[in-house]
Amino acid sequence: MVHFVGAGPGAPDLITLRGATLLETADVVIYAGSLVNPALLSRCKDGCAVYNSATMTLDEVLAVMEAAEGKSVVRLHTGDPALYGAIREQIDALTAKGIGWDVTPGVSSLFGASAALGAEFTLPGVSQSLIVTRLAGRTSVPEGERLRDLARHGASMAIFLSAGLLDGVQSELLAGGLSADTPAAIVYKATWQEEKVVRCAVGTLAKAGAAERITKTALVLVGRFLDAPYEKSKLYDPAYSTAYRRRSAGGEIAYLAFTERGRALADTLCAQTGGTVSCTRDGVTLNDWTASRFPVGRALVYVGAAGIAVRAVAPHLLSKVSDPAVVAVDEGGRFAVPIASGHLGGANALSREIARLTGGVAVVTTATDVVGVFAVDDWARTQNCAVVNPARIKTVSGRLLSGEQITLRSAYPIDGETPDGVLLTDDGTADVWVDIRPHESLTVVPRTLTLGVGCRRGTARETLEARFAAFCERCGILPQAIGAAATIDRKANEPGLLAFCAARGWRLETYTAEELSAVGDGFTASSFVAETTGVDNVCERAAVRSSGGALYARKFAGDGVTFALAEKPTRLNWGEDNG
Ligand code: SAH
């Protein structure tokens, strides 16, 4: 009789009672040595013959089973044998030979991993399904089950057998439409002594796995069910790329080389600019690398032909407001070519920097740079401003290029000499507005506001989103004008609030009740708030304290959420980098 037994995920006391009894009475044990914890074998009785199947073929395993006719054989599989256990082929062969068999289930590593995270796969309102899958490797996956197809469901996912392919997992999940900030976790050797839990996001899977040197015996869990604990962890802060977010705040410069000479150049450049260097000689592929870096990187630099860069990034390009800088530099360092996002993304500036470092030439082709006229999007970037209505950049630049003047109205003082072609005006119909309020024209939005927040414990991100939209509308401000959020320390770990802030790339500053009380007077006091938090107002005080400026909008309350805004003193300048 052959007993297929699930050994559990690793910890020797996570085998079932039935499995343990079978192991203790077995005459022959064949265990999957690469994954089953050998500590379990101490249960075997004296004289039990133990085989490690890691070094055996299927035929050899079957031969041992057959030779043990009449004895009790335990075939010990990791986790539960029904998942990637290859038991079917053994069962069929045994049946053909007339040898009896049965199966004792085990705790899958899938549940060892969820236990390590304290996570529930099936959160109401988040996901009610769990997809158990793997990336295609040596074993292919059927049509329709590619990771990108499954990712589209947005359900909770557990990905087996793919820890050595995290680049591929990441790019497939992104290709399936998951946003780079979707929470993810890598659980290495769940329930073993060496267990390691790495919380990250879809956009940082490859990086997080590489940082922890995880290449095998790990599960990748993905989905919003991981939201809360993920948001608490700041270990691998993903660089989000929502329309609200300035990438340069988080992303890095990623270099990809194709030859040893290219790698040497990338290393030299990277030492100066910071970032990471990858090389296709190490097995990274052009497309995987691009897919994983594009959503999170500040800049992608291809050390090779411009055509390669163009083809690689083409499927990913969305908008000059959100795309990263893309630069190609030949491996001799003679030419640095900005391919996309020259102004807002900073590709022109980066190309000039690279050319300076290599002694080469920056091949800048954006018209405003060629003619030397003012480029409003480039200027916005240097001033740490967002751009609203970017479709109008073309018109404005076009007018400047053809020698016409454009009018600009600013709600903030701008130091330095006004560029040629730009006429400052007080006219409401200016071509360009510099303001935190919405306008029909091209609008350059300084991130001058800090959002003060108070919320009840357990407030959902969706509630905060809805109240925030109402608040922005009521104040008549553009959400892009907000650069940070602030609250009281007791809310520092509110999952909904953290997710809300993270999605916009805001850091969340927190203060103690004493710090908030010390901010001054004149705030909207509430005795209820004072009783529960120890300070008479949270949102207004936190906003003012964090911004170092003045109250801009008073407390706006509803659904257990309070918002307020403070504005820091702001001056822009025409010349220098304000970033
Ligand atoms: N039948 C097993 C899976 C075997 S396939 C089960 O139910 O768990 C082997 C894959 O399982 C590994 O590549 C890894 O992805 C996962 N795995 C097995 N043990 C693990 C553990 N302790 N922690 C994390 N992943 C594990």
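Whatever comes next refers back to the structure up there.
Not measured: the values here are computed from a predicted model.

### Some thoughts on the site of the ligand
Here is step 1 of the chain: The environment of the ligand is made up of 18 residues, and the closest members are Asp80, Leu83, Ser109, Ala190 and Ala218.
Here is step 2 of the chain: Between Asp80 and the ligand, the recorded distance is 2.8 Å, taken from a backbone N or O atom to a nitrogen atom.
Here is step 3 of the chain: Measuring from an oxygen atom of the ligand, one finds a side-chain N or O atom of Ser108 at 2.9 Å.
Here is step 4 of the chain: Burial of the ligand by the protein chains amounts to 95% of its free accessible area of 540 Å².
Here is step 5 of the chain: A molecule is said to occupy a pocket when more than half its atoms come within 2 Å of that pocket's grid points, and by this definition the ligand occupies the largest pocket.
Here is step 6 of the chain: In terms of residue class, the shell around the ligand is made up of 11 nonpolar, 5 polar and 2 charged.
Here is step 7 of the chain: In this structure, the shell around the ligand is formed jointly by two domains, domain 1 (2–107) and domain 2 (110–226), each of which donates at least three residues.

### Some points on the nonpolar core
Here is step 1 of the chain: Judged by nonpolar contacts, the single largest core of 51 residues is most densely connected at Leu451, Phe500, Phe563 and Leu565.
Here is step 2 of the chain: Ranked by residue count, the leading element in this core is helix H16 (residues 461–475), at 5 residues.
Here is step 3 of the chain: Looking at which domains feed residues into this core, each of domain 4 (376–445) and domain 5 (449–567) supplies at least three.
Here is step 4 of the chain: In this structure, Leu147, Leu166, Leu173 and Ala218 belong to the second largest nonpolar core, which totals 27 residues.

### Thoughts on the packing of helix H6 (residues 166–175) against helix H10 (residues 286–293)
Here is step 1 of the chain: In the contact formed by H6 and H10, the axes pass within 8 Å of each other and the chain directions differ by 60°. When the axes of H6 and H10 are compared, the pair comes out oblique. Seen from above, H6 lies across H10 with left-handed handedness. Touching Asp167, Gly168, Gln170, Ser171 and Leu174 of H6 are Asp288, Ala291, Ser292 and Arg293, all from H10.

Procedures and definitions
- Residues numbered from 1 in each chain as written.
- Predicted model: local features only at pLDDT ≥ 70, side-chain atom pairs only at ≥ 80, totals over all residues.
- Heavy atoms only, no water.
- Near = heavy atom within 4 Å.
- Polar contact = N/O pair within 3.5 Å; in protein donor to acceptor, adjacent residues only side chain to side chain.
- Areas by Shrake-Rupley, 256 points an atom, 1.4 Å probe, with all protein chains shown as cover.
- 1 Å grid on protein atoms, 1.4 Å probe; cavity = no way out; pocket = protein on both sides within 12 Å on 5 of 7 lines; lining within 4 Å.
- Sits in = over half its atoms within 2 Å of the grid points.
- Nonpolar A, V, L, I, M, F, W, Y, C, P; charged D, E, K, R; others polar.
- Domains from an automatic or database assignment.
- Core = buried A, V, L, I, M, F, W, Y, C linked by side-chain atoms within 4.5 Å.
- Buried < 20%, exposed > 50% of the residue type's maximum accessible area, 1.4 Å probe, protein only.
- Helix = DSSP H or I, 4+ residues; strand = E, 2+ residues; numbered from the N terminus.
- Axes fitted to C-alpha atoms, helices over the stretch in contact; angles between N-to-C directions.
- Parallel < 35°, antiparallel > 145°, perpendicular 65-115°, else oblique.
- Left-handed = near helix turned anticlockwise from the far one by under 90°.
- Contact = heavy atoms within 4.5 Å.

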